[in-house]
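Fold and geometry: a report
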Amino acid sequence: MSKPLPWSLAENPRLENWLDFSERGVARVFTAKVELGQGIITAMAQIAAEELRLPLSQIVVVSGDTRRSPNESYTAGSMSIEIGGMSLRIACAEAREAIIAEAAAMLEAEVARVSLADGAILLDGKHSSLDCWQVATRVNWRHAIDGSGAFSNPERSIGKSIARFDLPAKVAGGAFIQDLELPGMLHARVLRPPSNSARLQSLDIAAAERLPGVVKVWRSGDFAGVCCEREYQALKALEALRASATWIEDESSIDQNWKESLPKFRSIDSEIEHGTRPSAIGDVIRVSATYLKPPIAHAAMGPSCALALFDEGKLTVWTHSQGVFPLRAALAIALGLEEQSITVIHVQGAGCYGHNGADDVALDAA
């Protein structure tokens, strides 16, 4: 009986959305769930290795890349394993059975006599002349997944203590988006308003343009920023912009004194003390109150960062966003581009509890 399909799989129902065997000796599996420090990449590799009956060394996880990953929306709500991991497991189980069925046809044998172990096709438990990469070329990877594949009994990697895939580079250096540098890359900073509703009245662009290393200073309405040859130059140019900027703010500014603006509410107990206690059981007191609180910041572990490259009408953005596909859609609207002309690629950044500024700075860079 077919299994109910998780949301991610129902939205991306073909085998090719989840797996690729085109490179010999490697099984690539695709996910939009990204590494935020929770070990997702390692867990996905364990799931794939178990169902494909391959060593972990032959599994390559492609994560958060709009060119290949299925659209699974966001990495959020502790759904990566429950939804994304289960989707990948179902896809890998059906891929394994499709490879076995095709191998049986090639060997002119009953499917029950064929199995797969470490990439080799076994016939009656012994090595045949085939491996899964030879057979994979004959599999219909556009096949719609229906959830009918039987799961493997966890014995290879699921439930085992596996060394995290993402830690060596983090220890040795060079794992984070802040470590990326493209040829001829410029460094940018954006001028932030003092409050949510502030409007930029005036700005002395010339003062920033005179500074060393400044390549471009721009303003579009309330949005202003600077591009420089090096990062420190961008910081100094931003200081010059900030010093010259004048803003118009109104009473709805987000940085108003929230404590003073909070209404003063009397408690029910206080009202009772002043003689409003019901005289008998059955009397009703109707209480109506409005409660306000200031904005509460989510806790990012470090500053957000993004890179963008616009070349021949195509935009590529490297980001530590938790949702590469929603980000791509937002960029398309903001920039007036077709979604298919935008590629968004996840690169690990500092972790966070809740939301950080990854999407915001990706728009800045783009």
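First, a word on what this report is: a plain description of the structure on this page.

Parameters and conventions
- Residues numbered from 1 in each chain as written.
- Predicted model: local features only at pLDDT ≥ 70, side-chain atom pairs only at ≥ 80, totals over all residues.
- Heavy atoms only, no water.
- Pairing = 2+ DSSP bridges.
- Helix = DSSP H or I, 4+ residues; strand = E, 2+ residues; numbered from the N terminus.
- Axes fitted to C-alpha atoms, helices over the stretch in contact; angles between N-to-C directions.
- Contact = heavy atoms within 4.5 Å.
- Buried < 20%, exposed > 50% of the residue type's maximum accessible area, 1.4 Å probe, protein only.
- Salt bridge = Lys/Arg side-chain N within 4 Å of Asp/Glu carboxyl O.
- Core = buried A, V, L, I, M, F, W, Y, C linked by side-chain atoms within 4.5 Å.

Some thoughts on the sheet that holds strand β14 (residues 314-319)
If you walk across this open sheet you meet the three strands as β13-β14-β15, and the pairing is mixed. The open sheet has two free edges, formed respectively by β13 (306-311) and β15 (342-346), since each of these has just one partner strand. Going across the sheet, the axis of each strand differs from the next one's by a mean of 15°, ignoring polarity. Strand direction decides the pairing type here: β14 and β15, joined by five bridges, are parallel. Looking across to β15, one finds that Val 317 is bridged to Val 344. Of the strands in this sheet, β14 and β15 touch helix α10 (residues 324-335), which is tilted by about 145° from β15. Along the sheet, helix α11 (residues 358-365) contacts β13 and β14; its crossing angle with β13, the most-contacted strand, is approximately 35°.

With respect to unusual backbone geometry
What you tend to see is this: most non-glycine residues have negative phi, and most peptide bonds are trans. For Ser 78, which is not glycine, the phi torsion reads 55° and is therefore positive. Here Ser 78 is to be found in the loop between β3 (59-63) and α3 (80-107). For Glu 108, which is not glycine, the phi torsion reads 55° and is therefore positive. With respect to the secondary-structure elements, Glu 108 resides in the loop between α3 and β4 (114-117). Glu 108 sits in the exposed class, given a relative accessible area of 75%.

Overview of the pattern of salt bridges
Across all of its chains, the model carries 20 salt bridges by this definition. Note that Asp 166 is salt-bridged to Lys 170, the shortest N-O span being 2.8 Å. Under the relative-accessibility criterion, Asp 166 is labelled buried at 6%. Relative accessible area serves as the criterion here: at 24%, Lys 170 is assigned to the partly exposed category. A salt bridge links Arg 199 to Asp 222; the nearest nitrogen and oxygen atoms lie 2.5 Å apart. Highlighted residues: Arg 199 in strand β8 (residues 199-202) and Asp 222 in the loop between β9 (214-220) and β10 (223-228), separated in sequence by 23 residues. Taken together, the shared-partner salt bridges in this structure form one network comprising Glu 35, Arg 164, Asp 166 and Lys 170.

Focus on the nonpolar core
Core analysis: the biggest nonpolar cluster contains 38 residues, and Leu 19, Phe 21, Leu 52, Ile 59, Ile 99 and Trp 141 have the highest contact counts within it. When contributions to this core are tallied by element, the ones reaching two or more residues are β2 (27-31), α2 (40-52), β3, α3, β4 and α4 (132-136). Sort the elements by how many residues they give to this core and α3 lands first, with nine residues. Beyond its immediate stretch of four places on either side in the chain, Phe 21 contacts Val 26, Ala 27, Leu 52, Leu 54, Ile 99, Cys 132, Trp 133, Ala 136 and Trp 141. With 15 residues, the next largest nonpolar core counts Leu 200, Leu 203, Val 226 and Leu 238 among its residues.

Observations regarding the sheet that holds β3
Spatially, three strands are ordered β1-β2-β3 in an open sheet, and the strand pairing comes out mixed. For this open sheet the edge positions go to β1 (19-20) and β3, each flanked by a neighbour on one side alone. Of the pairings in the sheet, the one linking β2 to β3 comprises five bridges and is parallel in character. Its bridge partner lying in β3, Arg 28 is registered against Val 60. Where α2 meets the sheet, its contacts fall on β1, β2 and β3, and the angle it forms with β3 comes to roughly 135°.

Some details on the pairing of β13
As paired elements, β13 and β14 share six bridges and run antiparallel to each other. Counterpart to Phe 310 in the pairing with β14 is Leu 315. Between the antiparallel neighbours β13 and β14 lie two residues, among them Glu 312 with a positive phi of about 50°.

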